[in-house]
Every structure is written in structure tokens, then in C-alpha cells.
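Secondary and tertiary structure notes
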Amino acid sequence: MLIRPKKGVSIRDRIAKWDTDPVFSVLLKLNPKFSDRVTAIAGDCALPDLGISVEDRKLLVNEVQIVLHCAATVRFDEPLHVALDINTRGTLLVVQLAKEMRRLETFVHVSTAFSNCVIHHINEAYYPDNLTCSSDKVLKLREILSNDLIDNMSPAFLKDFPNTYTFTKALAEQVVQKEASGLPACIFRPGLILATFKDPIPGWTDNLYGPISLLHGGVYGVLRVMLVDKKARAHIVPVDYCANMVLSTAWKTAVENVQKKENVSLKDPPIYNYADSDQNPVKWLNFSKAVEDRRFDYPLEKMIWYPFLHTTIKRIYVLIRPKNGVSISERIVAWDTDPVFSVLLKLNPKFSDRVTAIAGDCGLPDLGISVEDRKLLVTEVQIVLHCAATVRFDEPLHVALDINTRGTLLVVQLAKEMRRLETFVHVSTAFSNCVIHHINEAYYPEKLACTFDKILELREMLSNDLIDNIAPAFLKDFPNTYTFTKALAEQVVQKEASGLPACIFRPAMIFVTLKEPITGWTDNLYGPISILYGYVLGVLHVTLLDKNARAHIVPVDYCANMVLSTAWNTAVENVYRKKNSSTKFLLKDPTIYNYATSDKNPIKWLNFSNAVDAQRLVYPLEQMIWYPFLKIYNKLCDFELAILFYHILPGYVIDMVLRLKGQKPRMIRIYNKYHKNMKDLALFAITNWTFSMNNSDHLLECMTSEDRKLFECDMNSVNWDEYFGVALFGMREYLAKEKPTEESFISARKTLKRFHTYHRIVQAAACGTVVASICLSALAALLLLCCCWCCCFAPYAAGAELADKLRDDSELSQFYSLLEQNPVANATLALRSCTIFVPTNEAFQRHNGTTHVLYHITTAAFSQNQLKTSVSSDMEGNPPLYITNGRNGDIYVNNARIIPSLSVELTNREGKRQVMHIIDEVLEPLTAKSSTTDMNNMDAMKFMRHADQLNLGNNGLRTYRSQVTLMKKESLYESPGFHTFLVPVDEGFKLSTRSSLVDAKVIDGHVIPNTVIFTAASQHDEPKTSAAFEDQLKVTVSFFRQKDGKMYVKSNTISGDAKHPQGVVLAEIVKANIPIRNGVVHLIHRPLMIIDTTVTQFLQENTENGALRKFYEVIMDAGGAVLDGINSLSEVTILAPSNEAWNISSIDNIVRDRKRMTDILNMHIIKDRLNVEKIRQKNANMIAQVPTVNNRTFLYFNVKGEGSDAVVTVEGGGVNATVLQADVAQTNGYVHIIDRVLGVPHTTVLGKLSTDPMMSDTYKMGEFSHFNDQLNNTQRRYTFFVPRDKGWQKTELDYPSAHKKLFMRDFYYHSKNLLERHLVIADHVYTMKDLAQMSLTTDSVVLPTLRDSLKVKVEEEAGHLHDEYASHEWTGYVILWNYKKINVYRPDVECTNGIIHVIDYPLMEEKDIVVSGG
């Protein structure tokens, strides 16, 4: 142990103190003489050579096997020269010492997790770029400059580093990186080190560094204020855990060193970050809360003051008015007897002393508040909760405007004056924007006929009657004055409160309390409560509801907790914005919190009625007037007919009986009031709304578990069956005022049983009467029905003119037959504006999935140029239809193209505008296997959660969904907007390790944000940026279709990192174009970005209907040699022909020749990891020459264009192929998919000559001399020695005059004669191998050419590959002609009528072009 004297205490005394130090107590019990095994080495990290003596240094060099370097100065304000000496130079000296140690097995340098705190996300990596200067240069300057001068230069060195500690620790890491790369070394980076958790004793510490000082100061009563962001992560780690981790990293480093001794490679020492985990995070809020909760458990005797701040509510001001003749003071006194305050009264009987009543009225000018009260509020109030409103649907517009809109404006203006304001909450309603069916947490000013300021200005100018009379013009599509004025109030908050710490809370239908302060409490009969109470009382038997619509019911106590939570969150965010903004407030629209039933725990009106049915018998009322039963109708006409029999007629009978008894009749009055109320509620009872609640969900995530228990408001936790039982129990007690005693329940059940008997008797009598009357009235009813149909409904049966157009078009008959069968669709055509997307009959014939006629209809008229982004369909839940632009400017709705010339716009008999667009594909909605599955608001995350219940074929999504949940990426898939989601199916995770590679960045790479891409509208291979596109990692995604019609998607990791290597990953789309609420989903057969298969495994994956199925089949048919050859290569690139490439007749005979097929297949294999970028780098004169596995055979690559526009071609064996898909990355190389099979010729000599960029000069010369005319003759066999372009360029240097003439048309005769020397015509072709063998037996080979004969000798010659691949050995051919040695650059380029040998120089001499002086 390297140790120094400290604060006057010698080394020996420091070690002797261990016997009394509590941290050693356990060790002393186990081994009292443990210190005998500890040798103190006198030294100091700040001294030269660590201050170690020569003898001690020799001892260490000979003996030490493990080095744990933990020494450092941790003072943040340490002078730079001191911090450099200890933290940086000290580390360098320790590393140098370790290099001398003969037995060294492991070296651990203890750094800090904050050594690179200038960035916010810290990987286990080195960050030399963050330093202004390298460690060696800084230490050099330290030696040269004085202490004062180096300290004065600190700001220049530190730059963005906050202190000398983090800066010098970052330098120390660079020292380890550079100097310890050959050692078995590692770096350990702990977070903020706190006291021990378990070993050797819990809670031990001996210093006041970091969080320990905050903790100690707080419980000591000294520290009153702490500067932390409560939402920030507190990266705290126990010191005993750190000690264990240091030893573990030492062990792992030693083990890895033993494994690598045989192949020692100099690499950077690994880094181990150590902080709180994502699975078990801790925030400063948790830290402070935990300390506050435990401060009374372990108080200090020596505390000097009450520990920490204790805050409570000083006073609550309530704006209140006299009501129904009851004064303000009487209203407050009544709280003492109100059951809802009973719990609070027990806890604090004098709570009302803290409540100050402020006389006022939201309907009066300046809220009716006195000057004195206004001053009081302006001075004192910090929190404003604005809940006042009139909630009557039939409120006259002038009253609703005064209270709901102008009242809100006056409250906001008052809040602006409040000097201490911290938060302002405006309570609106979830239905303030009920003119749309899917409501985001956003403002909708475009839905208002006029802005709030103009309407309030008109309110001041016009009389009450006049403003009420013109209400319909203002309300437009709003169903009542309540929702309209609440929407205006939101606009008031948006415009007037943008500088305040404000928010808007939108609760849905507020129901009875669930838990607090007492269960089941309510004191009114608004909304669903009136239905429920009337039902169990036996008064109401008919209601107007859509059983399948969502019942957005929320408990009132949950709403109260949510209001307080939004107030807290708004205040916290306001503090954060103030801290991070140069202005007083950051002007932004106040946040909106929607609060309704969640997608995870939905409730429909069907569930509501079923639950109440079950509970009505458990909690019956003594006061019931008839047996409780309820008939539910979803159409107004049916409802009105039913109330005649179930309400009106019985009501008159009851009132008649009451009159006979001398009592006042009341039933018809009650029923009329209820019927009006029900009609006012009709829109909300039969319409299916969905709400996005991202802000509300995020708020819940920000709350601690303790806060979520204290302010319970998570709608996912509500048990609906229990809740409705609570509601019935509460209504019995608080509305019916019936005590919950056993006697009361017994009496009520007897009453229930009696009325049930009466009910059955009445039913039997009614049935008999009905049967008797049916026979007599059947004929009359039938005649009446026919008359009604002819007079009223027949004109609309086919939906007027647009339906006529559909009916008369034989190409649209299948859709029209569906339309006829759907009454809702018929009614839409007859009565409403609409847009209909009509598939052709041909589209129906191709379609084999499900569809729904209402999915093709939207209840607004849109011409082609009015279709923007998305429209809502008329199908249940109003799932969106997405509008995109495809190739050539075509417009697509989902995956169907609108045929532009066939669109029709008409007006029906009701004067409603209607548009019909003809589409080429049937629109297929997302459907479930069971009708009970909730399909509303089906975003991508909900889609994955419910995948087993959806019609997705055999495609499971559990593996990928679990990874999304594990990586906490649900919010990405729940985010509103228009996105494309690529979801791998379970089949793609056959490799057991593949799922573990799906991290957060890979998940990001499967999402294309803010873009909806359906396959038909997708641009071929056009890269789109994925959500994984940032500074260090850049991933694009593109779609492409193969010729066989199969769709693929590929990820291209342009810029990768250690976990995400560069390269392309292909995935087949197994189920495309699944529309969801926030975009479209495509199911793919494997995950993107993950490169975890070898080339062979990739080919094997394509055995069943894959893009390379035929290629793999040919490899297997050729025997195992080819596949064995691929497997034997550590680095390999495959040029894989697509399935279509094998569909040529000339290849059938070759496939049967196994030897030749093996040679052809080997032509597609390269012994190198070759991607497009590497080809481009090696591309000399646009041609890159690359050897295949047979070193005598070469491929020639050509790259044109840049980036995604690059076109790569490859020539091999006389075949030019285009790379269809490049850089498909594998663990041991790349696969490039090409459009032709190399080595299987498909063109003539002339065709090859005209397309090969290496032979363009020969082709040009042959064209103007008409030499080329003969080369298309397929009856001959040519052997053509073609000089490559570089060869002709060499002649320009050797024979400048002759070269010039060769390319002049005036000398075409000479050019033709010269080319004829290069062209051999015979009954067979001459390969280079043939010519070389012939040359072995003779001095020269005579070949028949068009110009006499050609005498050559061909020899094989070993050497190195030309140009870029000089390191590759090869065996090539040379031609000896007229004492010249000419290299054969590309031998044996096969064509359908011959063979080409590309040579480095023409068979030419200067005398070949002789021109007379004349």
C-alpha cells in the first residue's frame, strides 16, 4: 500500500488507527492480525517517481501482481498544478511502474463517471476530443511553467470542464489509454460515492464529500436550501458496491489477459461505467424525499435546528357567491355537516379557519371582487385553480359567455397581477372540442367561428336576446353553448396566459368518488349520474346510448388529484424554464392535460350497463317506484318511440293515480325533464370519441411512487365493476339519503322482490294484448308502412345522384352491393356531405382480406387538391385514412392510388357536396379476431400489445414488443402524428441471441418519424432518415420492390458505432400497410440494423421464397465445395444473382455441367470484405479490378454517382451486371445482389464491345471504319484481342502522329486494317489457356485473321495484380508479338458468338500507318 504521512500523523500511526476504525471491526474479528499482511510503502503521488525509495521500487517490481490505482485529490477547487501532479502525472508514474512489474496480471485505474461531464450521455469510451490539449503536452507545460502561471492558465485549459478535478481525471484516462495499451489494464468510473450499504458495516463513511455533505447538513439542521433539479438522476453508488466492482473488474481483466496472451494485441484498456441503472434509477427527488421521510427515525442529538424545511398551506381563498338564497357564510358553515368533509373534520376540526371566503361571481365585472380583496389576492396567492363554470347544456349564450369565457379572461387577468404566482390551472372539459372525434392535447382555434376577443366584444355591444338569437351562427358545429364557451375559454388561456405558469386540465364525464375522502360520494344529478340514479329508482327504463362507444367516465376524486398534480408539474416546469431562459418567462402555449378512460383500461357503455345490472340487486333502494330495468337504443327515432310506451303512458297512469289520491302529479314533469336532458346528452352518448393523453401519462411517470399513492389518479388502476358498485352504494346513501344499515337493505330487497312480481304480471298482460291486436292491424300497418316508404324514404334509398352514378357504373358494382347493405352508408349518401373512395371490381378480385364499406367513406367532401395528410373515415372509432403522394405526382389513400381522371363531384338532394374518387385497391382496415377487442385509438404500441387479438395471420410480435418495453421506448410508439413503424415478427428471432441485440437505438432504427409510407406510394430505394439519426449514429431506411413483386425494406447504417456496425440489412415485408392511429405498420421478417449472421447463414435464410433462393439452390446442386469454400474464408464478399437473373434459357445446360457451374459460382466470390465505399476508393479511372477466389479470374467494378444515387456495375466472364442492392452486411463480409449471372454470356461480341467502358476506344474506331458491322454475326466464332483504352493512350506517347491518324475518319482504312489484325475467325474460339498450351510446342502460334494471319506466342507469368490490388499474387498471361511483350489484362471475356481478350497494348507498329506526301 502506497501511503504518506497526513496532517502530522505518521504512516505507522495511520495504520495503527485501523484497530479502532469501525470499518475494520468485522475484519478484526475474523483475523485480528490482518495488518501483518499489509506492507506500507512510503510514497506520495505528487512527488517524482511517486516518492518511492529504490529498495521499495525493486520490491514492487518483483512481487506485485495486482495494481489498484485509487489515489487522487477530489477537491473541486484544487489549484491546477496540484491536481495535475496528483491526478494526471501521478497516474502516469503508476502506469510506468506497472510496466516494469514482471508478474503483473491486472491493473485498475479508478477514475470517475464524471470525467467527461462536458457531454450529457457518456459511453464506455474515451473522449480525447473534449480536451483542449493532450495529456503529454499539458504535463510538459506543467514542467516548464511555474505553479502560479499554470494556475492562471486554468480557464484556457479547462474550457468546458467545471473544475480541475474532472479535467485532470479526464487527462488521467488519456494517460491510461496511451501508456497502458500493452498492459492488462482497465478503467473503473464510479458515480457519486455514498456510504456503505452492507459491507463490512451498513452506513459507514468517514468524510463529508459530495451527497454525504448534503445529507449531514440537512439532518444537522444547518443546511436549509439545496440546489438540485429534482427530476435529474442522482447517480449515487454505495462505497462497498464500488469496492466489490473494482475487484470484479480486476478479475475480469486478468482472465481476459490470460486468454489473449497467445495473440497479444495492443488495444485500448476497457472502461466500466458504474452508476444507477435504468432498471433501478434514483432521482434527486427520491433522494430528498427518502431523507425527509427518515429524518425522524435517526435524528441527531447535536442538531442545532429542526432538520429541513417543513412547508404547509398557509391559506386557501375561495371565490364564492350566495346561492339559492343561502349566504356565503351559511354555505361555508354547511361544510361542517357535509359528508364529503367528514374525514377532514376528524383530522383537523378547525380546517375552515384556514379558508377565506372571497365574495365574488364569475358572471360579474371584475369577478365581483372588492378592491380590498383583490389587493389581498394579488399579494398572497401562489396557486390558482380555476374550476368555476356553468355546465348547463341549454344555458343561454349570453350567460355561458359571461361565466365560462369572460369569467376565464378576468381570472387570467387577475392571475397576471399576482406577484407570487407559481401555477395556474384552468379546468376545462374533454369535450370542449367535440366537433372532432379524436382529440389531441392541442388547441383547435380553427374549429371556432370567431375568436374569443371578437365574440366578447360583440357580447358587450349586443343585448342578451340578440346575442342568444344569433347563437346558431356562432356555435356552428358545436352541439351546445357549454362546449362552445369552454372552447372559447381555452383560447383565452392560450392567448392571454402564454406568459404565465399555466396549464389546462380537460376531464371527461365526472362521476362519483372512488376512494377519497369517502367512497361513492356525489351531490348532483348531472350527466351519467342522472341515468344511473333514475335507473335504480325504477323511474327510467329507456336511454339513448351506443353500447359500443367508449364511456369516458372519471372519478371526481381522481380528477381532484390530477388537478393538484398538474398544478405541481406546471410549477416545477416554470422553475426549470426560468432557470434556463434569458427572459423572465419562456412564452409558450400552456400545456393541456386530457383526462379520460385509458386505452389500457377502457370502458364502454355496454360495460357500464352490464355492471349496473349486476349491482342493482346488491344495493336496491327502499324508495324505488318500480322494478329497475333499462332498454338501450342508439337511434333517436327508436328512443322516441320507446319512451312513449315505457315512460309517457305509464307516467300518465301514475299521475292519474296521484290526482285521485289528492297528490300533486309529477311523473310526466320528471320524464319531460329527463327526456330533454337525454336529448341534450345524445351526442355524447352515441358518439365514439378517443383522446390522446401523452402529457397526462408523462405526468404520471414524473411522479414518485409515493406521490402516485397520495395523489391517486391513474385511470389504469380503476376496477370498473367495483367502481360501479361503489357508485350505487354512494348514491343510495348521499342522494337517496338511505342509511346503509342491514334493516334498510332487507326492506329494500323486499320492495325489489315485490316490484319484480308486478313487473312480470304487466309483461304477461302486455304480451297477450299485443298478440291479439297484431292480427287485426297487420294489413293496415303494412299499407301504412308502404305509404311511408314511398313518400318519405324511397327518394333517399339509393342516396340521390352519387348513388345513381355508382349503381349505373358496371365497373363499380361490387362496392355498390356493399353500399346497399349498409344503412349508415345509405343515410350518409342521402343526408350528408361525404367523400367516397370506391375500389374498382378488378381491385376487389385481387383483394383477399377484410374490408368495411364505412372505411371508404369520410363525412366531409374533399376534392383531390383538398386531400391533406389524413382524413377520418366513418367506420367505428373513425380510424384515419392517410393521404400520400407517390411517384409521378399520384395521390394515394392508404395503399390505393386515386385514378385522377375518374373523380366525380356532385350535390345530393339535400344540397350537400359529395365527392367520389375511384381507387385501384380495396382499403383494408385493421380488424380484430373478436368483436370484444377495443380497436379505438390503436396506436403502434397498443397494436403490438394486442397483436395476438388482431388479424395478422400467424405473425407474432411478442419478442420485439418485450424489447420495446424493456428499453422503455413505449413513448416512441405511442407518439401522436404520422409515422412509419417497421415491426419484426417473432419468426425473425430464431437466433437465440438476436433479441438481446435489440437495444434502444435499434428500436429507433425501426421508426421513420413524421412520414407515412405505404408500399405502393413508396419511392424505390429512396432513403428516409430513421429515428436513429443523430451525431454519432446515422441510420436510413428505404423500401424497394423485386421483380417478383415482393416488397423489402432495408436499413443502412451510414455511420455506426461499436454496437451498431455500418452496412445494409434487408428484411422482407411479410404483412404490409397496416393502418393505425399514428401512422402505418409494416411487419418484417427480421429486425433491421442487427448484423449477426455470416454470409452462409444469410443465404440459408433465403431458402424459402427469399430474394436469393435460386442462387442458394444452385450452390447446393453444385456440391458442397462452393459452400465449404465460402465457410473457410474469414472475410468474404458474395455477388449474388437475384432470382430473376437465373430465368434465361442459356443457363439451363450450364447448370447441368457441375464443373463449369462451380467455376461460374466461384466467379461470384471475393476473398475480401468489399463494400461500395471500398470499391470507390480502389477505383482507378472508374474501373476497379478485383480477384475472385480463383486468382486467375477477375471482376471489374465501375461506380457512377454519389450516395444513394450511385450505380455500381460489375463485369465478370463477359457479363455486365448491375448491383441491385449493395452492402448487405454480414458478420464476415458483404453480399451484393446483382441482376445477372456472371460468366454466362448473353450478348454478342459487338454488344459487349459497345457497353464495356474499358473498350470504348476500340468500339469508336470500329464504328467509323465500319469494322464493327460483322461482329453481330452469330454464325461465326470470333477471338478478338481488344486493346483497352489505356493501351491506346500508351500509343499516343509511343507514336503520337500515328495515334492521331487512327482516330481520324480520313484514315478509316488504316484503322480497319489494324483492327482486322486483332480479330481471329475460326470454327471455335481460342481461350488463353488454349493458346498457352499451343505455345508450348511451337515457337509461335499462327491464327487466322481477316488480314492474313497473326503469329503470337502466349506464356503464363506469375506476378502481382495490376493497379490497386498490388498485394494480391496472381498468375496471368502475356502475348509475345514482334519482339513485344503485351500483358493480357482481362482474358476470356465470353460472348454468345466468341471470346474477347482485353490486352494492355495494341498489336501495332508505327509503319502500320503510312501516308504518302501527296
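Thresholds applied
Residues numbered from 1 in each chain as written. Predicted model: local features only at pLDDT ≥ 70, side-chain atom pairs only at ≥ 80, totals over all residues. Heavy atoms only, no water. pLDDT = per-residue confidence, 0-100. Contact = heavy atoms within 4.5 Å. Salt bridge = Lys/Arg side-chain N within 4 Å of Asp/Glu carboxyl O. Helix = DSSP H or I, 4+ residues; strand = E, 2+ residues; numbered from the N terminus. Buried < 20%, exposed > 50% of the residue type's maximum accessible area, 1.4 Å probe, protein only. Patch = residues over 30% accessible without salt bridge, like charges linked within 9 Å, V, L, I, M, F, W, Y side chains within 5 Å. Areas by Shrake-Rupley, 256 points an atom, 1.4 Å probe, with all protein chains shown as cover. Pairing = 2+ DSSP bridges. Arc of directions from axis to C-beta. Phe/Tyr/Trp six-rings, centres within 6.5 Å; stacked < 30°, edge-to-face > 60°.

**Notes on the confidence of the model for the chain**
Here the chain shows a mean pLDDT of 85. Residues at 70 or above account for 93%. In the predicted structure, residues 785-800 sits below a pLDDT of 50 and forms 19 contacts with residues beyond four places in sequence or in another chain. Considering only residues more than four positions removed or in separate chains, one finds that residues 1360-1368, a stretch of pLDDT under 50, has 31 contacts.

**Section: the pattern of salt bridges**
Scanning the model with the defined rule gives 50 salt bridges in all. A salt bridge links Glu974 to Arg945, with the shortest nitrogen-to-oxygen separation between them at 3.4 Å. Here Glu974 is found in helix α35 (residues 970-974), whereas its partner Arg945 is found in helix α33 (residues 940-945), with 29 residues between them in sequence. With a relative accessible area of 31%, Arg945 lands in the partly exposed category. Linked by salt bridges that have partners in common, Asp85, Arg89, Arg142 and Glu143 make up one network.

**Re a nonpolar patch on the surface**
Taken together, Leu641, Leu644, Phe645 and Leu649 make up a surface patch of nonpolar side chains, about 390 Å² in accessible area. Overall, Phe645 belongs to the exposed group, its relative accessible area being 53%.

**Let's talk about the sheet that holds strand β21 (residues 834-839)**
Whenever strands of a sheet pair, they do so through backbone hydrogen bonds, lying parallel or antiparallel. In space, the four strands of this open sheet follow the order β22-β21-β28-β27, with mixed pairing throughout. Among the strands making up the open sheet, the edge pair consists of β22 (857-858) and β27 (904-907).

**As for helix α38 (residues 1109-1117)**
Working note: α-helix, 3.6 residues per turn, so residues spaced by three or four point in the same direction. Every buried residue belonging to α38 is among Phe1111, Tyr1112, Val1114 and Ile1115, and all of these are buried. Down the axis of α38, the smallest arc covering the buried residues is 160°, so these residues share one side. Here the buried face of α38 lies against α37 (1095-1101), α39 (1120-1128), β36 (1132-1137) and α41 (1154-1162). The positive-phi residue at the C-terminal boundary of α38 is Gly1119, with phi of around 100°.

**A few points about the packing of aromatic side chains**
Taken as a whole and assessed by the stated rule, the structure comprises 40 aromatic pairs. Here the aromatic rings of Phe431 and Trp689 are separated by 5.3 Å at their centres, their planes lie at 75°, and the arrangement is edge-to-face. Residue Phe431 is found in the loop between β12 (423-427) and β13 (438-439), and its partner Trp689 is found in the loop between α24 (667-686) and β20 (690-691); the two are separated by 258 residues along the sequence. Neither Phe431 nor Trp689 differs from the other in exposure class; each is buried.

**Observations concerning the sheet that holds strand β25 (residues 891-893)**
Ordered by their spatial adjacency, four strands build an open sheet running β23-β24-β25-β26, and the pairing between neighbours is antiparallel. Each edge of the open sheet carries a strand with a single partner, namely β23 (870-872) and β26 (896-897). Pairing geometry for β25 and β26, over two bridges, is antiparallel. Opposite Tyr892, over in β26, you have Arg897 as the bridge partner.

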